[in-house]
Amino acid sequence: MKNKDAIFLSFHTVVSYRLRAFLILLAMALGVAAVVVLTSLGEGARRFVVNQFSSLGTNLVIVLPGRAETSGGFPGALVGETPRDLTLEDAASLATIRGVRRYAPLNVGATEISAGGRLREITLLGSTANMIAIRGMKIAQGYFAANNGPNPADIVLGAALANELFPLGNAIGQRVRLGDRRFRVTGVFAAQGESMGFNTDEIALIPVDHAQALFNTQSLFRILIEAESRSAIEPTKAAVRAALTLRHDGEEDITVITQDAILSTFDRILTALTFAVAGIAAISLAVAGILVMNVMLVAVSQRTAEIGLLKALGATGKDIKRLFLMETLWLSLAGAAAGMGIGYSGAFFLRLAYPQLPAYPPHWAGLAAIATALITGIVASLLPAIRASKLDPVLALSKK
Amino acid sequence: MISLSNISRFFTMGDQEVRALNHINLDIPGGEYLSVMGPSGSGKSTLLNIIGLLDRPTSGTYLLENHNVTALSEAEQAKVRREHIGFIFQSFHLVPRLTAAENIELPLILEGVPPAERKARVATVLEETDLMDRATHRPAELSGGQRQRVAIARATILKPAVLLADEPTGNLDHKTGAEVVALLEKLHHGGTTVIVVTHDRELGNRAHRKIQMRDGEIVTDEK
Ligand SMILES: Nc1ncnc2c1ncn2[C@@H]1O[C@H](COP(=O)(O)OP(=O)(O)OP(=O)(O)O)[C@@H](O)[C@H]1O
Ligand SMILES: [Mg+2]
C-alpha cells in the first residue's frame with residue numbers, strides 16, 4: 001500500500017466515525033489549549049516583572065551601604081546593619097568614574113506633609129535632578145533642579161498627592177510643611193501609577209541635602225548610577241566598587257548591584273516557571289493520550305472483522321498498523337489545530353480581562369503543543385495498532 | 001497448481017486436541033472447479049483457510065505453483081494472497097462505510113495501483129458483475145445478492161488464479177444464490193481455479209470435482 005493511499009484511506013475512516021473522532025479531537029484540543037494558555041500565563045508573569053524592572057530605569061547600577069553576605073541577595077537592607085555611612089561625598093566622587101553617565105544620591109523616609117490645613121503621611125525621597133532622568137520619571141508641571149547642594153527648599157509632589165493637597169490644581173508656587181520645615185512646590189510629577197509595588201503618585205521629592213537635614217542623617221540610602229550603555233554596566237560596577245572601597249580605607253563595606261543581574265535572575269526563575277507550568281499542562285495531554293488509547297482499542301475490537309478482511313485481501317500486518325497509526329495522527333493534528341485556536345483565543349481573552357498581564361504565549365508554546373499532541377497520539381495508538389496488526393485473520397473473520 | 005501433502009491442522013482446546021485437518025493429501029490442477037462438502041466441523045473452512053494462506057498448517061507441505069508457501073513470512077504470504085488468491089465469504093465481509101466501488105477498489109489500493117488505473121479497472125469489473133448502477137451505494141443499501149457480487153468483484157479484481165468461496169450462497173435465497181453461482185462459473189470459464197465449500201448438494205454437484213470430508217479427512221474425491 002502506498003503512503004498517499006494510506007493517508008487518504010485513514011482520513012476516510014476518521015470522518016466516518018464522527019463520535020469517536022470528536023472525542024479524541026476534544027481530548028487533544030483541551031490538552032493543547034491548556035499548554036498554550038498556561039504557558040502564556042507564565043510568560044505574562046515574566047513580561048510583567050521585566051516591564052516593572054525596566055520602569056525603574058535602564059542600565060542601572062545601585063550602591064548600597066553594607067557588605068553582601070551572598071552575591072545577588074539584598075544585603076544590608078534586609079539585615080539592617082550599616083557598618084559605615086555611604087555619604088554625599090562618596091556619591092560626588094563617582095562623577096569622574098569612566099562609564100558613569102550620571103548618578104543620583106538617594107535618601108528615603110516617611111514623614112508628614114501639611115498644606116492648607118491638610119495633613120498626610122507620605123514617602124519622601126531626597127535626591128538630585130539626576131534621579132528624575134535615571135528613573136525615567138516625568139515632571140508634568142514645573143521643574144526640579146537640585147544638585148548635591150546647597151539647594152533651595154524646593155519640593156516636587158506626586159500627581160495624586162498634589163491633587164489631594166491642592167484640589168484646585170494650583171500647586172506650583174504653594175508652600176507646604178514637612179515637620180517644621182517649609183518647602184515651595186516647584187513641580188508636579190506626571191501620573192505614573194504603580195511600579196514595583198510603590199506608588200510614585202503618592203510621593204514627594206526634595207533636594208538631598210534638605211532630606212539629610214530633615215531625617216538628621218549623614219548616610220545615604222542608595223546611590224543610583226546610570227551606566228553609559230548596557231555593555232558598560234559590568235565595568236562600571238567594578239570601577240564603582242573599587243573607588244568606594246578605596247575611599248573607605250580599603251574596606252569593602254558597600255554592595256554594588258546591577259538591575260541587570262536581578263532582572264536576569266527573575267527572568268530565569270520565571271522562564272523556568274513557565275516550563276514547569278507547560279510540563280503540568282502536558283500532563284493533561286498524557287491523560288488525553290490514555291483516552292485516545294482506550295478509544296482506539298475499542299475501535300480495533302469493533303473493526304476486528306474488517307481487519308481480518310483486509311488481511312484476506314492481502315494487507316500485511318504493517319499495512320494495518322500504518323492505517324491505525326495514521327488515524328490517530330489525523331485526529332491528533334486536528335486536535336492540535338483546534339487546541340491552538342482555543343489556546344490562543346484564551347490567551348487573547350486573558351489579556352482583555354487583565355490588561356496589566358501581557359499573557360502572550362511564548363513562541364515555542366505552539367510548536368511544543370503540536371509536537372506533544374502528535375507524540376501523545378502516536379504513543380497512545382501504538383499498542384492498539386500493534387494489536388490490530390497481530391490479529392489472527394481466521395479468528396478475526398469469524399467474528400461477526 | 002495446488003499441492004497439499006500430509007497437511008494437518010490441530011487445535012488444542014484445553015487438554016484435548018482437535019484434529020481439524022488430519023494428514024490431508026490433495027492436488028488441484030489449474031483451472032479446476034471443485035466443491036468441498038461434509039458435515040459441520042469436518043474441517044472444510046480450515047482447509048480453505050490453509051489453501052488461502054490465512055492459516056498455517058501444524059505440519060505438512062503446501063506447494064502453490066510449485067513454490068513452497070508454508071515457509072514464507074507473514075508479509076510474503078500477504079503478497080501471495082493479494083496477487084494469487086481471492087476470498088468470498090458467507091457473510092460477504094464488505095466494509096460498511098465504503099461504497100460498492102470503494103470496497104472493490106481495496107485490493108488495488110493494497111497492491112499500490114495508481115488512482116487513475118484503479119478507477120478504470122473498478123469500472124470494468126462493475127460492468128462485468130452488472131453493478132454499474134450500484135457503484136456509489138453502501139453495503140447497507142444493497143440486497144444480499146448484490147453484496148455477494150460486490151464481494152466477488154473485489155475478490156477477482158486483481159485476477160487471482162484461485163478463487164476460494166466459503167458457503168457463498170449460505171445467506172442467499174435460491175434465485176440470488178443461482179445468480180452468484182452463475183458468476184462464479186463464468187470466472188471458472190475464464191480460467192480461474194474455483195474452490196467452493198458448501199452444504200448445498202445441488203450447488204456442490206455442479207462442480208466438476210467433488211470432495212467429501214469427515215473428521216478432518218477426505219473420504220471421497222470424485223470427478
Ligand atoms: N480456532 C479454533 N480453535 C479451536 N478449534 C477450532 C478452531 N477453528 C476450528 N476449530 C475446530 O476445527 C474443526 C473444523 O472446523 P471448520 O471450521 O473447518 O469446520 P467446517 O467444516 O467449516 O464446519 P461448518 O460447516 O460448520 O462451517 C471443528 O471441530 C472446529 O471446532
Ligand atoms: Mg465452515
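For the structure, check the block above.
Numbering of residues starts from 1 in every chain and runs along the sequence as written. Here every chain gets a letter starting at A, and every ligand a number starting at 1, in the order they are written. In view of the model being predicted, local features appear only for residues whose pLDDT reaches at least 70, and side-chain atom pairs are presented and counted only at 80 or more, with totals across whole chains, interfaces and linings using the full set of residues. With hydrogens and water set aside, each side-chain value is computed from the structure's full complement of heavy atoms.

Take the overall build of chain A next. When helices and strands are tallied, chain A shows twelve helices and twelve strands. Scaling as 2.2 N^0.38, a compact globule of 400 residues should have a C-alpha radius of gyration of about 21 Å, whereas chain A reaches 33 Å, well beyond that. Its C-alpha atoms put chain A at 105 × 55 × 30 Å along the principal axes. Put simply, chain A has 400 residues, and 48% of those count as buried. We get accessible surface area from the Shrake-Rupley algorithm with a probe of 1.4 Å; when it comes to residues, only the shown protein chains can shield them. For chain A, the accessible surface area stands at approximately 18,600 Å², while carbon and sulfur atoms represent 62% of it. His is not counted, nor are the chain ends, whereas Lys and Arg count as positive and Asp and Glu as negative. Lys charges are placed at NZ, Arg charges at CZ, Asp charges at CG and Glu charges at CD. Chain A carries 36 positive and 29 negative side-chain charges, and their two centres are separated by 15 Å. Put simply, DSSP marks the helices as runs of H or I at least four residues long and the strands as runs of E at least two long, and each gets a number from the N terminus on. Taken over C-alpha atoms, the radius of gyration is set against a globule rule of 2.2 Å times the number of residues to the power 0.38. For every residue, the accessible area obtained with a 1.4 Å probe (protein chains only) is divided by the maximum for its type, and the residue is called buried under 20%, exposed over 50%, and partly exposed between those limits.

Once that is clear, we can look at the overall build of chain B. Counting its secondary structure elements, chain B contains seven helices and ten strands. For 223 residues, the compact-globule formula gives about 17 Å, and the C-alpha radius of gyration of chain B, at 17 Å, lands near that figure. In terms of its C-alpha atoms, chain B occupies a principal-axis envelope of roughly 50 × 40 × 35 Å. We call two residues contacting when some pair of their heavy atoms lies within 4.5 Å. Summarising the internal contacts of chain B: among those between residues at least 6 apart in sequence, 69% fall at separations of at least 24. For chain B, the exposed area adds up to about 9,800 Å²; of that, 50% sits on carbon and sulfur atoms.

A few words on the sheet that holds strand β6 (residues 85-89) of chain B. Residue and element names in this part refer to chain B. Pairs of strands are assigned from DSSP output, requiring at least two bridges between the strands. Read from one edge of the open sheet, six strands run β6-β7-β8-β3-β9-β10, paired in mixed fashion. Of all the strands in the sheet, the pair left with one neighbour each is β6 and β10 (217-222). Each strand axis lies, on average, 15° off the axis of its neighbour in the sheet, ignoring direction. In this analysis, axes come from line fits to C-alpha atoms, helices being fitted only over the stretch in contact, and the angle between any two N-to-C directions falls in the range 0 to 180 degrees. Most of the contacts of helix α5 (residues 144-156) go to β6, to which it runs at about 165°, and overall it touches β6 and β7 (162-166).

Note that A:Ser332 resides in helix α10 (residues 317-353). With sequence-adjacent residues up to four places away left out, A:Ser332 is seen in contact with A:Met28, A:Ala373, A:Leu374 and A:Gly377.

Attention now moves to the packing of helix α3 (residues 100-111) of chain B against helix α4 (residues 115-128) of chain B. All names here are of chain B. At a minimum axis distance of 10 Å, the contact between α3 and α4 shows a crossing angle of 125°. Classed by the angle they form, the pair α3 and α4 counts as oblique. The handedness of the crossing between α3 and α4 comes out as right-handed. Counted together, Ala101, Ile104, Glu105, Leu108 and Ile109 of α3 and Arg118, Lys119, Arg121, Val122, Val125 and Leu126 of α4 form the full contact between these two elements. What sets the label is the angle itself: under 35 degrees gives roughly parallel, over 145 gives roughly antiparallel, 65 to 115 gives roughly perpendicular, and the rest give oblique. For a crossing to be left-handed, the near helix must be turned anticlockwise from the far one by less than a right angle; the clockwise case is right-handed.

Once that is clear, we can look at the site of ligand 1. By nearness alone, 15 residues border ligand 1, and B:Ser40, B:Gly41, B:Lys44, B:Ser45 and B:Thr46 come closest of all. For each residue, the test is whether any non-hydrogen atom lies within 4 Å of the molecule or strand; if one does, the residue is near. More than one chain reaches ligand 1: its neighbouring residues belong to chains A and B. Residues adjacent in sequence count toward polar contacts only when both atoms are side-chain atoms; beyond that, a polar contact is any pair of N or O atoms within 3.5 Å, and within protein one must be able to donate a hydrogen and the other to accept it. One nitrogen or oxygen atom from the main chain of B:Gly43 is found 3.0 Å from an oxygen atom belonging to ligand 1. Note that an oxygen atom of ligand 1 is positioned 3.0 Å from one of the side-chain N or O atoms of B:His199. Compared with its free state, where it exposes 630 Å², ligand 1 has 67% of that area covered by protein. Elements with a contribution of two residues or more to the shell around ligand 1: β1 (2-13), β2 (16-28) and α1 (44-51) of chain B. Nonpolar residues are Ala, Val, Leu, Ile, Met, Phe, Trp, Tyr, Cys and Pro. Charged residues are Asp, Glu, Lys and Arg, and all others, Gly as well, are polar. Considering only residue class, the shell around ligand 1 consists of six nonpolar, seven polar and two charged.

So, about the environment of B:Asn171. All names here are of chain B. Mapped onto the secondary structure, Asn171 falls in the loop between β7 and α6 (174-189). On the accessibility criterion, Asn171 (44% relative accessible area) is partly exposed. For Asn171 and Val122, which are 49 residues apart along the polypeptide, the C-alpha to C-alpha distance reads 25 Å. The contacts of Asn171, once residues within four sequence positions are left out, are Gln90, Ser91 and Phe92. Within the structure, Asn171 has its side chain in polar contact with the backbone oxygen of Gln90 (distance 3.2 Å).

The nonpolar side chains of soluble globular proteins are, as a tendency, buried together. By nonpolar core is meant a set of buried Ala, Val, Leu, Ile, Met, Phe, Trp, Tyr and Cys residues that side-chain atoms within 4.5 Å join together. Counting residues in hydrophobic clusters, the biggest one holds 69 residues, and the most contacted among them are B:Ile2, B:Leu4, B:Ile51, B:Tyr62 and B:Ile195. Of all the elements, α10(A) adds the most residues to this core, at seven residues. Setting aside residues up to four positions removed in sequence, B:Leu4 forms contacts with B:Ile24, B:Asn25, B:Leu26, B:Leu47, B:Ile51, B:Thr61 and B:Tyr62. Listed in part, the 33 residues of the second largest apolar core include B:Leu131, B:Leu142, B:Ala165 and B:Val181.

A separate point is a positive patch on the surface. All names here are of chain A. The residues that make up patches have over 30% relative accessible area and no salt bridge, and they are joined within 9 Å when like-charged or within 5 Å when they are Val, Leu, Ile, Met, Phe, Trp or Tyr. Salt bridge, as used here: a side-chain nitrogen of Lys or Arg that lies within 4 Å of a carboxyl oxygen of Asp or Glu. A cluster of basic residues, Arg175, Arg177, Arg182 and Arg184, forms a positive patch at the surface. Counting only elements with at least two residues in the positive patch, the list comes to β6 (175-178) and β7 (181-189). Inspection of the secondary structure assignment puts Arg182 in strand β7.

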